[in-house]
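Listed here are the chains, written in short residue letters.
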Amino acid sequence: MVLKSAIKESVFEQKENLHLAQPGLQRESNENLQLSPDFITIITGVRRCGKSTLLLQLIKNLSKDDYAYFNFEDPRIFGFDVNDFPKLEKVLGNKSYYFFDEIQNVDKWELFIRKLHDNGKIICLTGSNASLLSKELGTRLTGRNLQYELFPFSYQEFCDLKNKERSVVSFDDYLDIGGFPLYIKTGNQEYLHQLFRDILFRDIIVRYGIRNSKIMEGIALFLISNVAKEYSLTNIKNTFGVGSTNSISDYVSWLEDSYLIFTLPRFSWSLKSVAVNPKKIYTIDSGFAQANSLSFSSDKGRLFENAVFIHLRKRKDELFYFKEKGECDFVIKRKNKVIEVVQACYDLNDDNFHQEISGLKEAMDFFNLKKGTLVTRNQTDEWKENEKQINIVSAEEWF
């Protein structure tokens, strides 16, 4: 329970601060994002990727008296629960638009949102935990919401912010720095260290009551350090001495929900095989990975593959990796049909050319595709054999 006076103070100061804030770089996500009384708009994404700034861009053309805004992570309203929503509603007043940050922190928040929606209000929510938002939306708000994901800056957004031309040099910078807006501006690596700790403790350890935070931290760092590699729940269990693979499975799931990591299944037409085959691990951002791991000092290839994965992940298609005799990094499936295969290779040379091409060609044969794509750091070429064609494209062009 929170006093109405504390809620009122928070509402006033939050809105004033939002009103004075700079709108920042226009995000690419704005192009498809719509606000409507017909649907509740949901924006999810990792912490500090720019969700609040995106809200600011959405409200910048609205009258200050026409919208309400509230961030549920304000420490002044610690202890806010479902019984405090009537007080919040009175303080906010009768508005046309309602914007809420991190509302999933409050149990049964969907009851309040359902009421506003039923009254014809235009609602936009943001959150850093995809699962907690989806769970409640799927029970009481099914069919009433449109969900969008926001990621750290893309390569193009990075170039726009840094006022750089698209080139090999700027792409190398992007791979090193990544896309978290404040880190791009400051270059202070401690910021990414603190961000890792914030995500881990606030979104996972505290939320799920994990007693041994050191083990959870160790598992998270282990996974971040092994991007673009297969991982095994049993191996992690044995490495960290955790009681069961079920616990490890929960940890990985919670890390995914917080957008810290992503897992990529191995392709199979059998759902059972997909479930039991090893998965590959990726993380949210290449700069974030480098700042929180020592394993990338001389291995740009895995960071490059991670960047390719994130670019594909934004498209909302089903993604897999392919592995038979050879391996293809990414299989893109849409509406139950494989439409594209993509290989990522930072530096294509005489030593790896046959391996990269043969793995991609095997996947093309398997899925009966005539074209495939091989993304490299700075090479452009074309490979043909019979009716098969592989387009070798540079990162500057492909991203």
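Because the structure is predicted, anything quoted here is derived from the model rather than measured. (Residues numbered from 1 in each chain as written. Predicted model: local features only at pLDDT ≥ 70, side-chain atom pairs only at ≥ 80, totals over all residues. Heavy atoms only, no water.)

**Student:** Please provide a residue-by-residue account of empty space enclosed by the protein, values included.
**Tutor:** As enumerated under the stated definition, the model contains one cavity of 30 Å³ or more in all. Lining the largest cavity are 15 residues, with Phe 153, Tyr 174, Ile 284, Ala 307 and Ile 310 sitting closest to its centre. For the lining of the largest cavity, the element with the highest residue contribution is helix 15 (residues 300–313), accounting for four residues. Residues belonging to the lining of the largest cavity are distributed by class as follows: nine nonpolar, four polar and two charged. (1 Å grid on protein atoms, 1.4 Å probe; cavity = no way out; pocket = protein on both sides within 12 Å on 5 of 7 lines; lining within 4 Å. Points joined across faces, edges and corners; volume = space filled by probe spheres on them. Helix = DSSP H or I, 4+ residues; strand = E, 2+ residues; numbered from the N terminus. Nonpolar A, V, L, I, M, F, W, Y, C, P; charged D, E, K, R; others polar.)

**Student:** Break down the pairing of strand 9 (residues 318–323) for me, citing the residues and quoting the values.
**Tutor:** Along a regular strand, successive side chains alternate from one face of the sheet to the other. Judged from the five bridges that link them, strand 9 and strand 10 (residues 327–334) form a sheet pairing that is antiparallel. Residue pairing across strands places Phe 320 opposite Val 331, the latter belonging to strand 10. What sits between strand 9 and strand 10 in their antiparallel hairpin is a turn of three residues. (Pairing = 2+ DSSP bridges.)

**Student:** Tell me about unusual backbone geometry, and name the residues and values.
**Tutor:** A positive phi angle is found at Glu 102, which is not glycine, with a value near 55°. With respect to the helices, strands and loops of the structure, Glu 102 is situated in the loop between strand 3 (97–101) and helix 4 (109–118).

**Student:** Requested: an account of the packing of aromatic side chains, with residues and values cited.
**Tutor:** Taken as a whole and assessed by the stated rule, the structure comprises 38 aromatic pairs. A ring pair is formed by Phe 80 and Phe 85, whose centres lie 5.1 Å apart and whose planes are at 75°; its orientation type is edge-to-face. Of the two residues, Phe 80 and Phe 85, both sit in the buried class. Lying across the ring of Tyr 321, Lys 280 places its NZ or CZ 5.4 Å from the centre. (Phe/Tyr/Trp six-rings, centres within 6.5 Å; stacked < 30°, edge-to-face > 60°. Buried < 20%, exposed > 50% of the residue type's maximum accessible area, 1.4 Å probe, protein only. Lys NZ or Arg CZ within 6 Å of the ring centre and 35° of its normal.)

**Student:** Which residues make up the pairing of strand 2 (residues 67–71), and what values go with them?
**Tutor:** Of all the five residues making up strand 2, four are buried; the element is thus mostly covered by neighbouring parts of the structure. When strand 2 meets strand 3, the two strands line up parallel, connected through five bridges. Note that in strand 3 the partner of Ala 68 across the bridge is Tyr 98.

**Student:** Before we move on, can you summarise the sheet that holds strand 8 (residues 279–283) with the specific residues and values?
**Tutor:** Taking strand neighbours across the sheet as the criterion, the three strands line up as 6-8-7 in an open arrangement whose pairing is antiparallel. Looking at the sheet topology across the chains shown, the edges are occupied by strand 6 (230–231) and strand 7 (261–264). In terms of strand pairing, strand 6 meets strand 8 through two bridges, oriented antiparallel. Residue pairing in the sheet places Glu 230 in a bridge with Lys 280 of strand 8.

**Student:** Requested: an account of the nonpolar core, with residues and values cited.
**Tutor:** Counting 84 residues, the largest nonpolar core has Val 308 and Phe 330 as the members making the most contacts within it. In terms of residue count, helix 9 (residues 189–205) provides more of this core than any other element does, eight residues in total. (Core = buried A, V, L, I, M, F, W, Y, C linked by side-chain atoms within 4.5 Å.)

**Student:** How would you explain the environment of Ser 10 if you had to name every residue and give the values?
**Tutor:** Looking at the element boundaries, Ser 10 is found in helix 1 (residues 4–20). Residue Ser 10 is classed as buried on the basis of its relative accessible area of 0%. Apart from the residues lying within four places of it in its own chain, the contact partners of Ser 10 are Phe 70, Asp 74, Arg 76 and Ile 77. (Contact = heavy atoms within 4.5 Å.)

**Student:** I'd love a proper account of the packing of helix 7 (residues 168–177) against helix 15, names of residues and values included.
**Tutor:** Between helix 7 and helix 15, the least distance of the axes is 10 Å, while the angle of their chain directions is 90°. One element, helix 7, and the other, helix 15, form an angle in the roughly perpendicular class. Every residue of helix 15 that contacts helix 7 at Phe 171, Leu 175 and Asp 176 is listed here: Lys 300, Leu 303, Phe 304 and Ala 307. Of the residues contributing to the contact of helix 7 with helix 15, the split by class is five nonpolar, no polar and two charged. (Axes fitted to C-alpha atoms, helices over the stretch in contact; angles between N-to-C directions. Parallel < 35°, antiparallel > 145°, perpendicular 65-115°, else oblique.)

**Student:** Describe the pattern of salt bridges, naming the residues involved and giving the relevant values.
**Tutor:** With the rule as written, the count across this model stands at 32 salt bridges. Notably, a salt bridge pairs Arg 315 with Glu 340, separated by 3.2 Å at the nearest N-O pair. Of this pair, Arg 315 sits in the loop between helix 15 and strand 9 while Glu 340 is found in strand 11 (residues 337–345), placing the two residues 25 residues apart along the sequence. Taking relative accessible area as the criterion, Arg 315 reaches 34% and is therefore assigned partly exposed. In the salt-bridge network here, residues are joined through shared partners; they are Arg 47, Glu 73, Arg 202, Asp 203 and Arg 207. (Salt bridge = Lys/Arg side-chain N within 4 Å of Asp/Glu carboxyl O.)

**Student:** Provide a residue-level description of the state of the cysteines, including the pertinent values.
**Tutor:** If you walk through the whole model with that rule in mind, you get zero disulfides. Its sulfur unpaired, Cys 49 is 13 Å from the next cysteine sulfur, which belongs to Cys 124. (Disulfide = S-S within 2.5 Å.)

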